[in-house]
Amino acid sequence: MDFLLNNPLATMEGPIFLILYAFFVFFTLVFLGLYRSHIDKTHRLNLPAIPPQVDPFEVAYLRGGANEMARAVIFSLVQKGVVQILNEGTLKRVENPPSQRRLSQLEQTALDWIGIERETKDVFHKYTGLVTRVEPDATTYQHQLESRQLLTGDELKSSMRRFGWIAAAAIAALGFYKIVAAIAHGHFNFLFTIAMAAIAIFIAMKISRLPRITKLGTAYLERLQFAFDKLKHTSQAQYIPSGEPRVVAQAGFGGVDPLLLSVGVFGTGILVGTVHANYNDAFHRAQQQQAGSTSDGGASGCGSCSTSSGDGGSSCSGGSSCSGGSSCGSGCGGCGGGCGGS
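### A look at the overall build of the chain
- Across its full length, the chain holds 12 helices and five strands.
- Each of the 342 residues in the chain was classed as buried or not, and the buried ones make up 44%.

### Let's talk about the side chain of Gln-79
- With respect to the helices and strands, Gln-79 occurs in helix α3 (residues 56-79).
- The class for Gln-79 is buried, based on a relative accessible area of 13%.
- In this structure the side chain of Gln-79 is engaged in a polar contact, spanning 3.0 Å, whose partner is the side chain of Asp-257.

### Re the packing of aromatic side chains
- Per the counting criterion, the structure on display carries seven aromatic pairs.
- Relative to Phe-27, the ring of Phe-23 has its centre 6.4 Å away and its plane inclined at 20°; by these criteria the two rings are stacked. A residue pair is termed a helical-turn pair when its members lie 3 or 4 positions apart in one helix, as Phe-23 and Phe-27 do in helix α2 (residues 14-39) at four residues.
- Its relative accessible area of 49% is what places Phe-23 among the partly exposed residues.
- Considering the side-chain rings of Tyr-35 and Phe-163, the 4.0 Å spacing of their centres and the 15° angle between planes classify their relative orientation as stacked. Of this pair, Tyr-35 sits in helix α2 while Phe-163 is found in helix α7 (residues 154-184), placing the two residues 128 residues apart along the sequence.
- Every member of this aromatic cluster is reached through a ring pair, and the members are Phe-23, Phe-26 and Phe-27.
- One Lys or Arg, Lys-178, reaches over the ring of Phe-17 and ends 5.4 Å from the middle of that ring.
- Geometry around Phe-266 places Lys-232 over its ring, the cationic atom sitting 4.6 Å from the centre.

### Side note on the nonpolar core
- Grouped together as the largest cluster of nonpolar side chains are 54 residues, with contacts concentrated most on Met-69 and Val-123.
- Broken down by element, the residue count for this core peaks at 13 residues, all from α3.
- Residues within four places of Met-69 in sequence aside, it is in contact with Phe-57, Ala-60, Tyr-61, Leu-106, Val-134, Ala-138 and Tyr-141.
- Among the nonpolar cores identified, the runner-up in size contains 15 residues, and Ala-167, Ala-197, Ala-204 and Leu-210 belong to it.

### Overview of the packing of α3 against helix α11 (residues 258-266)
- The interhelical angle for the contact between α3 and α11, taken along N-to-C directions, is 150°, at an axis separation of 8 Å. Classified by the angle their axes make, α3 and α11 are roughly antiparallel. Both α3 and α11 take part in a crossing whose hand is right-handed. When α3 is examined against α11, the residues Pro-56, Phe-57, Val-59, Ala-60, Arg-63, Ala-72, Phe-75, Ser-76 and Gln-79 are found in contact with a partner set consisting of Leu-259, Leu-260, Leu-261, Val-263, Gly-264, Val-265 and Phe-266.

### Things to note about the environment of Arg-44
- In this fold, Arg-44 is placed in the loop between α2 and α3.
- Residue Arg-44 is classed as exposed on the basis of its relative accessible area, which comes to 61%.
- Considered as a pair, Arg-44 and Lys-215 are 171 residues apart in the sequence and their alpha carbons are 9.1 Å apart.

### Re the pairing of strand β2 (residues 90-93)
- One ladder, built from three bridges, connects strand β1 (residues 83-85) with β2; its direction is antiparallel. Looking across to β2, one finds that Ile-85 is bridged to Leu-91.
- Across three bridges, β2 lies against strand β3 (residues 117-119) in antiparallel orientation. Paired with Thr-90 across the strands is Glu-119, a residue of β3.

Criteria and cut-off values
Residues numbered from 1 in each chain as written. Predicted model: local features only at pLDDT ≥ 70, side-chain atom pairs only at ≥ 80, totals over all residues. Heavy atoms only, no water. Helix = DSSP H or I, 4+ residues; strand = E, 2+ residues; numbered from the N terminus. Buried < 20%, exposed > 50% of the residue type's maximum accessible area, 1.4 Å probe, protein only. Polar contact = N/O pair within 3.5 Å; in protein donor to acceptor, adjacent residues only side chain to side chain. Phe/Tyr/Trp six-rings, centres within 6.5 Å; stacked < 30°, edge-to-face > 60°. Lys NZ or Arg CZ within 6 Å of the ring centre and 35° of its normal. Core = buried A, V, L, I, M, F, W, Y, C linked by side-chain atoms within 4.5 Å. Contact = heavy atoms within 4.5 Å. Axes fitted to C-alpha atoms, helices over the stretch in contact; angles between N-to-C directions. Parallel < 35°, antiparallel > 145°, perpendicular 65-115°, else oblique. Left-handed = near helix turned anticlockwise from the far one by under 90°. Pairing = 2+ DSSP bridges.

Taken by themselves, the reported measurements are silent on function.
The structure is reproduced here in structure tokens:
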């Protein structure tokens, strides 16, 4: 027992110990980071082929979670003419829609949620929002994408989190031991040790959170963006305000509206400059209105995400921060995938 408090480490002078402790923390965090970079081995798998019928809502969920999926579903209803967005940012059901195109179950759920009319700021409400109403569909997409290893599964998250706790425990244990030894020898100047341990543990917990989208998922999303880059520009061109009459294509890929497919793959940021520009404006205004009311139990929505096709990066209009993630997180959250990690 005497050896525990009378050994070179226990009796080491404070400044020297801090240097040693800093090296220990540094290499522990580096090792944790290396483990994190290698735990996801999905990049070794074959890149999935693009299916004949791409589900824009599934892609939106892959890119940015339930918030982006909800945003895409509402746009689909607007695109089909069954919902309109008023200037003040209200979603209103059209009494006699010009189109009677069949709605999917997810679209019908969103339409039922809107009812006669809804405020756009209610879409992301924590308890009564559309993201809550479509949670069963989001869960289905989550399981499907995890089974295809495009999203990080719980098993991988748990393994990384467990390793993070081990690293944090090692950092805390060494710091705690030195503090106890210092007190036993009548020294109480261990504030820097506590501060260093606290910061290191915080960083370790951050490192141990895996990205929401796997390496395979990121590569697949980039493949989709590359494949539909031309479609994005052609679908945008059809909706740019112009005095010249033109025919608007209604089916682009597998019977899916080309602009809706582009929104699913790239985000609603591509609507800027088109006749649907008020769609992003409505959500931006809703975000501003809700910025001061999140403490009342609501969950603020983020600005629209548009993921670039070149490097998988993303940008969000209306600058916001969302959960999860991320970055624009789970909300815009793909803004990437990883708008978030989760």
